[in-house]
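Reading the structure
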Amino acid sequence: MRFRTLFTIVMSAAAMAAFAVEMPFIAGEKFPDTDGRHINAHGGGIMTKDGTYYWYGEHRGDGTPGSGQKGVALYTSDNLRDWTNRGIVLAMSDTEGDILEKGGIIERPKVLYCPNTGKYVMWFHHELKGRGYGAAHSAVAIADSPYGPFRLIESSRVNPGIMPENLDTEARNKTWAKDLEWWTPQWREAVGEGLFTIRDLEGGQMARDQGVFVDDDGKAYHIYSSEENLTLQIAELDPTYTRHTGRYVRLFPGGHNEAPAMFKHDGTYWLITSGCTGWDPNEARLMKAKNIFGPWEQLPNPCRGEKAEKTYLGQSTFVMNNDGRYTFMADVWNPKCLADSRHLWLPIEFEADGTPYINSPYNK
């Protein structure tokens, strides 16, 4: 999703007083840290603990060819505007054969504080060196401090041998033609029936773009793009937030959703995602449910105004709940220099019926 245009947001004094005092508008311009360097934390999210904001994200190298990904970076702030670089809290390894060996991929890190254990838990999408995006692992690491260092616990696929709750168990014994042509009606029907779920059942479900969510009751959930990026899945985490319980569901089989960002407002679960078009921007999707395990309903694009059909050149990564005010956080990808990918933070507003929407930063 390559950044194309810089623009300035002009806000009224009333809007500033109502929202941006706590959460700034970031609209694709360079966002410097307290050292004046563009914040190198992409595909990430913000955790709040004891009055401090912790922003974890992908560190995408120093911008020079071949510099490569260093791991997960941390920035901290007490006002959401001024961010201090705290360094790499989960580092790629220089050791040959290490599971986190440089040349692998870490994407979309999210960190939770677990009150049951006092640990900080990081979930991320992990790809192994030399396998491109073929491993499709979900990985978890823990630390005693939000500043790290985080220690990898596991990198694997999700819920091996376990069927999703909303797929008929008879699908386990179903077979499909091996020569099904992708994107045909017959193939789409097979995907809905569990074609890829069953294919991956023994070794576990694929997990690429991902996020985590903690509900009002303290239960945590893992949301990820699975089944060759065709189907979203939501999996419950155990009380330590470091393992799956085995309970999970499939959302919108064959819908081709990624970049999930979940939040809850007035008792309704909301999920913003993108389509799958590589680094190029596309139209955001909005889903809602009264129960996190469904049923889920898909709604029209939540974005409005100029460039809404391209999500303002961004792709969702996280929704920040700041004392009941919500901010849509997205990445404006620059595939030619991922370290220079920009940040997009826009307020989420709500219709009278509670439906969320986002206004274009291009609107005057």
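For the structure, check the block above.
These numbers were taken from a predicted model, which means no experiment stands behind them.

**A few points about unusual backbone geometry**
The peptide bond linking Gly148 to Pro149 adopts the cis configuration, its omega dihedral lying at 0°. Residue Pro295 follows Gly294 across a cis peptide bond; omega there is 10°. With respect to the helices and strands, Pro295 occurs in the loop between β16 (285–289) and β17 (297–299). Despite not being glycine, Glu228 has its phi angle at roughly 60°, a positive value. As for its position among the elements, Glu228 is in the loop between β11 (220–226) and β12 (231–237). The class of Glu228 is partly exposed, set by a relative accessible area of 25%. Positive phi, normally seen in glycine, also occurs at Phe252, with a value near 50°.

**Some remarks on the sheet that holds strand β9 (residues 151–156)**
Spatially, the four strands line up as an open sheet ordered β6-β7-β8-β9, and their pairing is antiparallel. The open sheet is flanked by β6 (105–114) and β9, the only strands paired with a single partner. Strand-to-strand twist across the sheet, computed as the mean angle between neighbouring axes with direction ignored, equals 20°.

**Here we look at the sheet that holds strand β3 (residues 52–59)**
One key point about sheets: their strands pair by backbone hydrogen bonds, in either a parallel or an antiparallel sense. Taken in spatial order, the four strands make up an open sheet running β2-β3-β4-β5, and their pairing is antiparallel. The open sheet has two free edges, formed respectively by β2 (42–49) and β5 (84–91), since each of these has just one partner strand. Pairs of neighbouring strands in the sheet enclose a mean axial angle of 25°, with direction left out of account.

**A look at the state of the cysteines**
Taken as a whole and judged by the stated rule, the model has zero disulfides. A disulfide-free cysteine, Cys276 has its sulfur positioned 16 Å from the sulfur of Cys303, the nearest such atom.

**Regarding the pairing of strand β15 (residues 268–274)**
Judged by how many residues are buried, β15 sits mostly within the fold: seven of seven residues are covered. Of the two faces of β15, the one lined by Thr268, Trp270, Ile272 and Ser274 and the one lined by Tyr269, Leu271 and Thr273 are each fully buried. Strand direction decides the pairing type here: strand β14 (residues 258–265) and β15, joined by six bridges, are antiparallel. For Ala261, the partnering residue across the bridge sits in β15 and is Ile272. Remark: two residues form the turn of the hairpin made by β14 and β15, two consecutive strands paired antiparallel; Asp266 in that turn has positive phi of roughly 50°. Looking at chain direction, β15 and β16 are connected through five bridges and run antiparallel. Within the sheet, the bridge partner assigned to Trp270 lies in β16 and is Lys288.

Cut-offs and rules
Residues numbered from 1 in each chain as written. Predicted model: local features only at pLDDT ≥ 70, side-chain atom pairs only at ≥ 80, totals over all residues. Heavy atoms only, no water. Helix = DSSP H or I, 4+ residues; strand = E, 2+ residues; numbered from the N terminus. Buried < 20%, exposed > 50% of the residue type's maximum accessible area, 1.4 Å probe, protein only. Pairing = 2+ DSSP bridges. Axes fitted to C-alpha atoms, helices over the stretch in contact; angles between N-to-C directions. Disulfide = S-S within 2.5 Å.

The quantities given are spatial measurements derived from coordinates; they are silent on function.
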